[in-house]
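One-letter residues, chain by chain:
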2 protein chains.
Amino acid sequence: MVATALSTDLYELTMMAGYHAAGLTIPATFELSVRALPPTRSFLVAAGLEQVLEYMETLRFRPGDIDYLRGLPNLQGVRPEFFDEYLPRFRFSGEVWAVPEGTPVFPPEPLLSVTAPLPEAQVVETALMAWIMFQTSVASRAVRIVDAASGRPVIEFGARRAHGVEAGLLAARAAFLAGCDGTSFVEAGRRFGIPLAGTMGHSWVLAFSDEASAFGSYAGVFGERAVLLLDTYDTLTAAKRVTTSGLRPDAVRLDSGDIVSLSRAVREILDAAGLHATRIFATGDLDEWRIAEIVTAGAPVDAFGVGTALSTSSDAPALGGVYKLVEVERAGATTGIMKFSPGKHTLPGRKQVWRVVRGGTAIEDVIALADDAGPSGARPLLTRVLKDGKREVPTPPMHEVRARCRAAVAELPHDVRRLHQPRGYPVQLSDTLKTMIDRLAKRKR
Amino acid sequence: MVATALSTDLYELTMMAGYHAAGLTIPATFELSVRALPPTRSFLVAAGLEQVLEYMETLRFRPGDIDYLRGLPNLQGVRPEFFDEYLPRFRFSGEVWAVPEGTPVFPPEPLLSVTAPLPEAQVVETALMAWIMFQTSVASRAVRIVDAASGRPVIEFGARRAHGVEAGLLAARAAFLAGCDGTSFVEAGRRFGIPLAGTMGHSWVLAFSDEASAFGSYAGVFGERAVLLLDTYDTLTAAKRVTTSGLRPDAVRLDSGDIVSLSRAVREILDAAGLHATRIFATGDLDEWRIAEIVTAGAPVDAFGVGTALSTSSDAPALGGVYKLVEVERAGATTGIMKFSPGKHTLPGRKQVWRVVRGGTAIEDVIALADDAGPSGARPLLTRVLKDGKREVPTPPMHEVRARCRAAVAELPHDVRRLHQPRGYPVQLSDTLKTMIDRLAKRKR
């Protein structure tokens, strides 16, 4: 990704300069969490950690970055040592604990905690939130869409609707790790090893003087790998044209009209001509609800292409993510930290999340302080992924992350995971955490 | 931006290979337009052209790109000459006409048209749509938000909610060109010369053992430029703390609670202590509707910081943009092209948009064929910006684009521009365009 040291909000840098001036380079812990589920979701799936770890390992202030900052009116008053000594030597030297990518999480559980000298833990906030919250929103939606497709392949097709080309790349990644079968975005194939898929556009059909030549020319190059788009003029006429042309395409694509009735009619036309192996691919503003309808109706659709719903997480384009200071070392002792703004309380202390699983099904989660013993038989979700600013384990390949995600999602209770009227999943606070909250609330200043 | 030649959908490349194989390198025109306004918008403001032109000028297939493509199962069957000769020599050699950034547009007007040999015009689709549609959605929202603020400065604060760091950068750019006064995203300041603004985070206040020390330390560094955040514990207590501390901050920030009543109470506290020059800055899930309420209530808020609403265009996270083939040269003559998919008709022919302005107010737009004479006294919106693959005029500085946008938006009728029950703006089709549509509809095959 293309972050620089300046890919951050100005206030991260003014606070950093202020901490430096005040000598506040004490160890501190920030945690990233989501305040509440969007109304359209019953769980979230963590994603985006990989980009964040790469960024934290390589974050440096280059001479050009420092020159720009030195000239900013907003940073007048900052001591020269900050620019001359602190920034050139800056490294992220701390540690990060995180839930593995692909893990289902529930607000207000921390997805990640960063422990480092205060300025280091502060400055990474902006990029870290942008990458993790976006990929988490896409991965969460992808699980819903893949569930709705009931085993039929789902391909992510949304790069053109994404918020720029980086967003397209990240959306393809998050969708794949959460269970999609491939992407149309070629750079995502190269960068992350995601299988690529594609069809043809309307422009292909329109560029030829007639539809038959368009189909014939495409099949001439791609043979039985060709996917032919049927709706440029009239879907059923186009389907008949396929059968009378002697072509044996891998699939045909329906992109408009009533997919349920069209897919049935097209299947009949194809089967009548012996094209039983030619699959039907549906696209066109699909989401988990449309796909569930098509599947429930028993329509003979073999695969789905999904764009906007995945690449913009259109039902929840932003998650209410927060990255909050939860603990600092003050006078040699760690102190839990809590914010009291109305409606925006935070949970103090460095935490761990425990998932209680019985007979293969997750029963409840417990948010506890990091050094609490967990409930018996429960599994801790956060593991250490960065120590002294370096990754502890190599990046897992995408197909491993994807398999782990499928396994972790399979543990969710069916009634929590379903689209219609899902049950809320229970998340408890440990007794020691509750005690800390009570103590801090009394000390509120 | 970080596009490579592979920042595109697979089907752009399979079609490109197919056009190459079929010898279809005829000149063709594609146009980018939006099908319909989102329900929450009454106009759009074009943005994102700059990134697209830079991309088109520099688009090359590097040896590593070509090696990757050659190995793709999806491209088996493609002739070796495509990889060995066509791709290494590929340049975008065509021309682009576009409405200048900052121009209000109305569906289904083309924002941009690309005329080039068919494969060249095809392959740029994905990145071009992603950049222009996203920035257009942000710029359009920014105009509404700036309008609602009625002259009070609006700062874009949304990088952390954006869909990655590139999206944060593009959102800051689009928001500024559409009238916002600055951004918190430092890289956007450096890259685009946008004024930077920032405050302090809750973490600053929480890192100190008490609020008074936190305020004092910050002001110790930033003096009368400091913006102090009041809601970490209790807003009114914090405001009183400011007045008794002898600090004279530039502003205080309210980030939660009822902004109308809190701003009044804080203003009183500040004024009573003679801090008339200390401004009140409001943030916290603001959008055009919340800001309009605050302004209408006469609350003493001096400036607004807006995040998610701008950086994710949360009410309309995707515009229904399309990039469609509208004309090809066939047997030496240009032919209008039209797609007939249900609900997804396109307008054929290379077009121009004319804006009819009377007494400084835009009355209506007319979509005409490119070589039509426009209505008398009307102004053409599309101008040529790329010829033979090169920019014809240098990039205008951002403050010029911003000034042009304010002037063009000022031409919109008040009742089209207002938030509540806006009137639809009339967009007509020229007679020659209608005639072409009728002719093509009869020939539909």
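By convention here, each chain's residues receive numbers from 1 onward along its written sequence. Here the convention is simple: chains get letters from A, ligands get numbers from 1, in the order in which they are written. pLDDT decides what is reported in this predicted model: residues at 70 or higher carry local features, side-chain atom pairs at 80 or more are listed and counted, and totals for whole chains, interfaces and linings draw on all residues regardless.

(A) Layout of the overall build of chain A. Secondary structure assignment for chain A yields 17 helices and 19 strands. Buried residues are those with 20 or more other C-beta atoms within 10 Å of their own C-beta, exposed residues have 12 or fewer, and partly exposed residues lie in between; C-beta atoms are placed from the backbone. The 445 residues of chain A split such that 56% are buried. Labels follow the DSSP assignment, with helices taken as runs of H or I lasting at least four residues and strands as runs of E lasting at least two, numbered in each case from the N terminus.

(B) Main features of the domain arrangement of chain A. All names here are of chain A. Domain start and stop points were drawn from an automatic or database domain assignment. Splitting chain A by domain gives domain 1 (10-138 + 316-443) and domain 2 (139-311). Centre-to-centre, using C-alpha coordinates, domain 1 lies 37 Å away from domain 2. Elements with a minimum of two residues in the side of domain 1 that touches domain 2: β2 (44-45), α6 (125-148) and α15 (398-410). Across the side of domain 1 that touches domain 2, the residue classes break down as 13 nonpolar, five polar and five charged. Only Asp, Glu, Lys and Arg are considered charged in this grouping, and only Ala, Val, Leu, Ile, Met, Phe, Trp, Tyr, Cys and Pro are considered nonpolar; every other residue, Gly among them, is considered polar.

(C) The arrangement of the environment of glutamate 50 of chain A in detail. Residues and elements named next belong to chain A. Its location among the elements puts glutamate 50 in helix α2 (residues 49-58). Distance in space between the C-alpha atoms of glutamate 50 and leucine 229 is 36 Å, their sequence separation being 179 residues. Note on contacts: each residue gets a C-beta atom placed from the backbone, and two residues are in contact if those atoms are within 7 Å. With residues near it in sequence (within four places) discarded, glutamate 50 still touches Glu101 and Thr395.

(D) Representation of unusual backbone geometry. All names here are of chain A. Cis geometry is found at the peptide bond from proline 107 to proline 108, where omega equals 0°. By secondary structure assignment, the location of proline 108 is in the loop between β4 (104-105) and β5 (110-117). For aspartate 285, which is not a glycine, the phi torsion comes out positive at approximately 50°. Positionally, aspartate 285 belongs in the loop between β10 (279-282) and α13 (288-296). Of note in the backbone geometry, glutamine 421 takes a positive phi value of approximately 40° without being a glycine. Within the element layout of this structure, glutamine 421 appears in the loop between α16 (414-417) and β19 (427-429).

(E) Up close: the packing of helix α3 (residues 63-70) of chain A against helix α4 (residues 80-89) of chain A. Residues and elements named next belong to chain A. Axis angles are defined between N-to-C directions and span 0 to 180 degrees, where every axis is a line fitted to C-alpha atoms and, for a helix, only to the segment in contact. Contact geometry for α3 and α4: axes closest at 10 Å, N-to-C directions at 145°. In the crossing of α3 with α4, the sense of the turn from one axis to the other is right-handed. Where α3 approaches α4, its residues Ile66, Leu69 and Arg70 are matched on the opposing element by Phe83, Leu87 and Pro88. What makes a crossing left-handed is the near helix being turned counterclockwise from the far one by less than a right angle; a clockwise turn instead makes it right-handed.

(F) Broad picture of the environment of alanine 172 of chain B. All names here are of chain B. Its place among the elements puts alanine 172 in helix α7 (residues 165-177). Along the chain, alanine 172 and glycine 189 lie 17 residues apart, while their C-alpha atoms are 8.7 Å from each other. Residues within four places of alanine 172 in sequence aside, it is in contact with Glu156, Ala159, Thr183, Phe185, Ala188 and Ile194.

(G) Representation of the relation of the copies chain B and chain A in the model. For these two chains of identical sequence, chain B goes onto chain A by a turn of 180° and a shift of 0.0 Å along the axis, with RMSD 0.0 Å. Look at the turn and shift together and you get a two-fold axis relating the two. Of the interface residues in chain B, 100% have counterparts in chain A that sit at the interface too, so the contact is made through matching surfaces. Least squares is the method used to superpose the copies, on C-alpha atoms of residues holding a pLDDT of at least 70 in both.

(H) Layout of the sheet that holds strand β5 (residues 110-117) of chain B. Residue and element names in this part refer to chain B. Pairing between two strands is assigned when DSSP locates at least 2 bridges connecting them. Strand order in the open sheet formed by seven strands is β13-β12-β1-β5-β3-β17-β18, with antiparallel pairing between adjacent strands. Looking at the sheet topology across the chains shown, the edges are occupied by β13 (333-336) and β18 (390-391). On the sheet, helix α6 (residues 125-148) packs against β1 (27-34), β5 and β12 (321-330) and is oriented at approximately 135° with respect to β12.

(I) View of the interface of chain B and chain A. At the interface, 93 residues of chain B touch 93 residues of chain A. Looking at the side of chain B that touches chain A, its residues break down into 47 nonpolar, 29 polar and 17 charged.

(J) Quick peek at the pairing of strand β11 (residues 303-306) of chain A. All names here are of chain A. Neither face of β11 is exposed, since Ala303 and Gly305 on one face and Phe304 and Val306 on the opposite face are all buried. With three bridges joining them, strand β6 (residues 154-156) and β11 adopt parallel strand pairing. When the bridges of β11 are listed, glutamate 156 appears paired with valine 306. Note that β10 and β11 share two bridges and pair parallel. Across the sheet, the residue bridging to phenylalanine 281 is alanine 303, located in β11.

(K) Representation of the nonpolar core within the structure. With 312 residues, the main nonpolar core has Ala142 and Ala178 of chain A together with Ala142 and Ala178 of chain B as its most contacted residues. Per-domain counts for this core show at least three residues from each of domain 1 (10-138 + 316-443) and domain 2 (139-311) of chain A. In this view, alanine 142 of chain B contacts Ala174, Ala175, Ala178, Gly179, Cys180 and Leu310 of chain B; residues no more than four positions away in its chain are not counted. The nonpolar core criterion groups buried Ala, Val, Leu, Ile, Met, Phe, Trp, Tyr and Cys residues into a set whenever they are joined through C-beta atoms within 7 Å.

(L) Layout of the pairing of strand β17 (residues 383-387) of chain A. All names here are of chain A. Sheet analysis places strand β3 (residues 95-98) next to β17, joined by three bridges and oriented antiparallel. Counted as the bridge partner of valine 96 is leucine 386 from β17. Alignment of β17 against strand β18 (residues 390-391), held across two bridges, turns out to be antiparallel. Each bridged residue has a counterpart across the sheet, and for lysine 387 the counterpart in β18 is lysine 390.

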